[in-house]
Amino acid sequence: MTDAPPLFRLRGISRRFTTTGGVLALDGISLDIHHGEMIAITGASGSGKSTLMNILGCLDRPSGGQCLIDGHDTGAMGPDELAALRNRLFGFIFQRYNLLPDATAAENVELPALYAGAPARWRRTRAAELLARLGLGDRLHHRPSELSGGQQQRVSIARALVNDARVILADEPTGALDAASGEDVLRQLEELNRDGRTIIIVTHDPQVAARARRRIHIADGKVVADEVSSADLSSHPPSRPTTPTPDADPVAHHGHRRLDMFAAAARTALRSLRRDPFRTLLTLVGVMIGVASVIAMLAVGEGGREATLARLEKMGTNLLIVRPGAPGVRSAADLTSLTIDDVQAIRDIEGLTAVSPVRTLRTTLRAGAIDYVTTVHAAWPDIAVVRNWRAVAGGFISAEDVAEYRAVVVLGRTVARNLFPDTPDPTGRLLVIRNMPFQVIGILNTRGADQWGNDHDDLALIPLSAGFMRILGKPYLNSVMVKVDHAEGMTAAAADIDQLMMARHGIRNFQITDSAAAQQALSESQRSFAMLLGAVAAISLLVGGIGVMNIMLVGVTERTREIGIRMATGARRRDVLTQFNVEAVVVCGLGGIIGVALGTGAALILARNGFDVVIRPGPAVAAFGCAFLTGVIFGWLPARKAAGMDPVSALAAE
Ligand code: ADP
Ligand code: MG
């Protein structure tokens, strides 16, 4: 033998299980195992063989004693270092094969290479190569359930070799196989031993044990015999270093470990989603509904807001309206408090574009034999500026019309059509308001109807002077409409008017409304509506997230064995954590995408049914982002549960 330390040096190893009343499974095991040996560990059932094997393979830690691997104390190694040893140094072969049931033969073989960080192409070639060498070249894409026991065990041998493991740990590798398949597996193991690999077989079968050069017999957790076949006493096969040969070293090709891990996890997630569509639907439905409702509600909310803004715009922007009557009080005396003198005074205030008094009257207009009831607005020519009115046929009311008390009228489109059905342009014709004749001088530009069906073309406009003189009686006003030069000047203008009016009236028997303030109030109410929507969305996503978490927690329990297999093949805690986090994100992301589609669809249906709807990408992106985040947050607990599992007990799970 060389001076190099033995592969394993065990000194006084004990293992006590505290779970079931304290079983001492291993009781002071001391032995050396050298590179290149072929060893059988034998003993009765329950004697501690598997426990010893698990400690050798760094799946389990001893309760006492020391285990050195190549001279390094495993007691001083952290979980990630042990995972690396399992990944690079050891290949495990189990009685029950322990293949991932949903993965193909090739994917199962690739698994340790994935955890070693080998690039995808290298993994694929290597897995195909190994499987072909083991006579499974035509079974690459079969799942374990589509393979015989012997074939499955050969897949697990290929898996053990993918990272070129120097040590093969086989726990009852032939226990579940028929004689021929068992013989096949043993021959493979012998060949691997000839290749220089260390083979350790746990078996209760003396015939299997006879194939090994060295047999260690265990009873009640103690080594009772350690014998070497006399024919083989001479020498071991040449001992080889534990570092993998360069051509087979996946880390030599080290690539995009993290990305590959994400991709593999996403593939696993989609696969498990496909396996049980009903459960998938139940998992997704919360997130889906959450996202869909946010998008639909925001589309309707935004639609309503835009419709209201458009209506305000139609009324005119930068608009201040002075009305008689104290705010909230409506006494008859107050309603007559606004006069033409007030308007003249207001007109002298700086920064105003146009000022017009307005008096309205609901009355009947008559042309020939036709009567038509409409609202007559009596105002100054400035009303055109304030309300964006203009004449499209004939002319508008002029300053002269006002000065000369002319009995002229400009008709809204609807009034013109009703009173003069025989002509498209009744300019110059006469009509009668309250027994006084007025001449039509123009037609107002069409303004259309709003969403409630109010017809903005159903009105007539006359000069205020003629109105007061002929049909309106007492000279008070319904309102004074003021257009301010700049939006920034609104507050100052309102304050100036307020001060002036207070000075003139001595009491607050008037009120000033600000279209900007109305818009602001509107946008404030929109904001609180949006916050309400946000709360509803947050709650529904919370509920959805809890649903996802719940089902994933169940899934982690169901997949305990899978987690054990992953850990045995070299997955670190972080890898298991990543796996389940990615799965949660994939589930929620998928729910988010379906939710976006559903929500947009709902909004489109609402739009078709007469709702004001505005569909913007913003809310869709935000809602999808929230779904994604839900996955990150609510996947955390299941992922932690999975990553915290103990490899041995996970492998033992049903
Ligand atoms: P075998 O030689 O059949 O492989 P094991 O090593 O599996 O025996 O078990 C040795 C002893 O330790 C048995 O008595 C078994 O019941 C006990 N044991 C094994 N694993 C556990 C465990 N996880 N918890 C409690 N007891 C265990
Ligand atoms: Mg056992």
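Residues numbered from 1 in each chain as written. Chains lettered and ligands numbered in written order. Predicted model: local features only at pLDDT ≥ 70, side-chain atom pairs only at ≥ 80, totals over all residues. Heavy atoms only, no water.

Undergrad: Which residues make up the overall build of the protein, and what values go with them?
TA: When helices and strands are tallied, the protein shows 22 helices and 20 strands. The C-alpha atoms of the protein give 44 Å as radius of gyration, which overshoots the globular expectation for 654 residues (26 Å, by more than 25%). Principal-axis analysis of the C-alpha atoms gives the protein an extent of 135 × 55 × 45 Å. For the protein, the residues scored as buried account for 51% of the 654 residues in total. Restricting to contacts in the protein with at least 6 residues of sequence separation, those with at least 24 account for 76%. Split by element, the accessible area of the protein, about 29500 Å² in all, is 57% carbon and sulfur. Placing the 68 positive and 65 negative side-chain charges of the protein at their respective mean positions leaves the two points 2 Å apart. (Helix = DSSP H or I, 4+ residues; strand = E, 2+ residues; numbered from the N terminus. Rg over C-alpha atoms; globule rule 2.2 N^0.38 Å. Buried < 20%, exposed > 50% of the residue type's maximum accessible area, 1.4 Å probe, protein only. Contact = heavy atoms within 4.5 Å. Areas by Shrake-Rupley, 256 points an atom, 1.4 Å probe, with all protein chains shown as cover. Lys, Arg positive; Asp, Glu negative; His and termini not counted. Charge placed at Lys NZ, Arg CZ, Asp CG, Glu CD.)

Undergrad: With reference to specific residues and values, describe empty space enclosed by the protein.
TA: Counting across every chain of the model gives three cavities of 30 Å³ or more. Within this model, the largest cavity holds a volume of roughly 110 Å³. Around the largest cavity, the lining is made up of 14 residues, and of these F90, G91, P112, R159 and A160 lie nearest the centre. Elements that contribute at least two residues to the lining of the largest cavity include exactly α2 (79-88), β6 (90-94) and α5 (149-161). With four residues, the single largest contributor to the lining of the largest cavity is β6. Residue classes in the lining of the largest cavity are distributed as eight nonpolar, four polar and two charged. The calculated volume of the second largest cavity comes to roughly 40 Å³. Every residue lining the second largest cavity is listed: L114, Y115, M261, A264, A265, R566, D575 and Q579. (1 Å grid on protein atoms, 1.4 Å probe; cavity = no way out; pocket = protein on both sides within 12 Å on 5 of 7 lines; lining within 4 Å. Points joined across faces, edges and corners; volume = space filled by probe spheres on them. Nonpolar A, V, L, I, M, F, W, Y, C, P; charged D, E, K, R; others polar.)

Undergrad: I'd like to hear about the sheet that holds β6, residue by residue, with values.
TA: The mixed open sheet is built from six strands, whose spatial order is β6-β7-β8-β3-β9-β10. Whereas interior strands pair on both sides, the edge strands pair on one side only; in this sheet they are β6 and β10 (222-228). Here the strands of the sheet are splayed against their neighbours by 15° on average, with no regard to which way each runs. (Pairing = 2+ DSSP bridges. Axes fitted to C-alpha atoms, helices over the stretch in contact; angles between N-to-C directions.)

Undergrad: Could you give me a rundown of the packing of aromatic side chains, with the residues and numbers involved?
TA: Under the counting rule described, the total for this entry stands at three aromatic pairs. Their ring planes at 10° and their centres at 5.9 Å tell us that F8 and F90 sit as a pair that is stacked. Remark: F90 occurs in strand β6 and F8 occurs in strand β1 (residues 8-17); sequence separation between them is 82 residues. Each of the two residues, F8 as well as F90, counts as buried. One aromatic cluster is present, built from ring pairs that chain together F8, F90, F92 and F94. The aromatic ring of Y476 is capped on one face by R359, whose charged end is 4.1 Å from the ring centroid. (Phe/Tyr/Trp six-rings, centres within 6.5 Å; stacked < 30°, edge-to-face > 60°. Lys NZ or Arg CZ within 6 Å of the ring centre and 35° of its normal.)

Undergrad: How would you summarise the nonpolar core if you had to cite specific residues and measurements?
TA: Residues F8, L10, I69 and F90 are the most contacted members of the largest nonpolar core, which totals 71 residues. Beyond its immediate chain neighbours, meaning those up to four positions away, F8 contacts L31, D32, I33, L56, L68, I69, F90, V167 and I200. (Core = buried A, V, L, I, M, F, W, Y, C linked by side-chain atoms within 4.5 Å.)

Undergrad: So, the site of ligand 1: which residues are in play, and what are the values?
TA: Near ligand 1 you find 13 residues, and of these G46, G48, K49, S50 and T51 are the closest. The separation between an oxygen atom of ligand 1 and a polar main-chain atom of S47 is 3.3 Å. Within the side chain of T51, an N or O atom sits 2.5 Å from an oxygen atom of ligand 1. In the complex, the protein chains occlude 64% of the 550 Å² of accessible area that ligand 1 would expose alone. The element contributing the most residues to the shell around ligand 1 is helix α1 (residues 49-56), with three residues. Per-class residue counts for the shell around ligand 1 are four nonpolar, eight polar and one charged. (Near = heavy atom within 4 Å. Polar contact = N/O pair within 3.5 Å; in protein donor to acceptor, adjacent residues only side chain to side chain.)

Undergrad: Which residues make up the sheet that holds β1, and what values do they have?
TA: By definition, the strands of a sheet pair up through backbone hydrogen bonds, in either a parallel or an antiparallel sense. Read from one edge to the other, the open sheet built from four strands follows the order β2-β1-β4-β5, with strand pairing classed as antiparallel. In this open sheet, the two strands that pair with only one neighbour each are β2 (23-33) and β5 (72-73). Note that β1 and strand β4 (residues 64-69) share five bridges and pair antiparallel. In the sheet register, F8 faces β4, and the bridge partner there is I69. Its contacts with the sheet place α1 against β1, β2 and β4, and it is angled at close to 125° to β1.

Undergrad: Go over the environment of V185 with me, naming the residues and quoting the values.
TA: Locating V185 in the fold gives a position in helix α6 (residues 179-194). Judged by its relative accessible area of 0%, V185 falls in the buried class. As for V185 and Q153, which are separated by 32 residues in sequence, their C-alpha atoms are 7.5 Å apart. Ignoring anything within four residues of it in the chain, the contact list for V185 reads Q153, I157, P173 and L177.

Undergrad: I'd love a proper account of the pairing of strand β19 (residues 479-484), names of residues and values included.
TA: Counting buried positions along β19 gives six out of six residues, so the element sits mostly inside the fold. Alternating positions in β19 separate into two faces, S479, M481 and K483 on one and V480, V482 and V484 on the other, with burial throughout. Sheet topology places strand β11 (residues 319-324) next to β19; four bridges connect them, and they run antiparallel. In the sheet register, V322 faces β19, and the bridge partner there is V480. By the bridge criterion, six bridges tie strand β12 (residues 352-367) to β19 in an arrangement that is antiparallel. Its bridge partner lying in β19, A354 is registered against K483.

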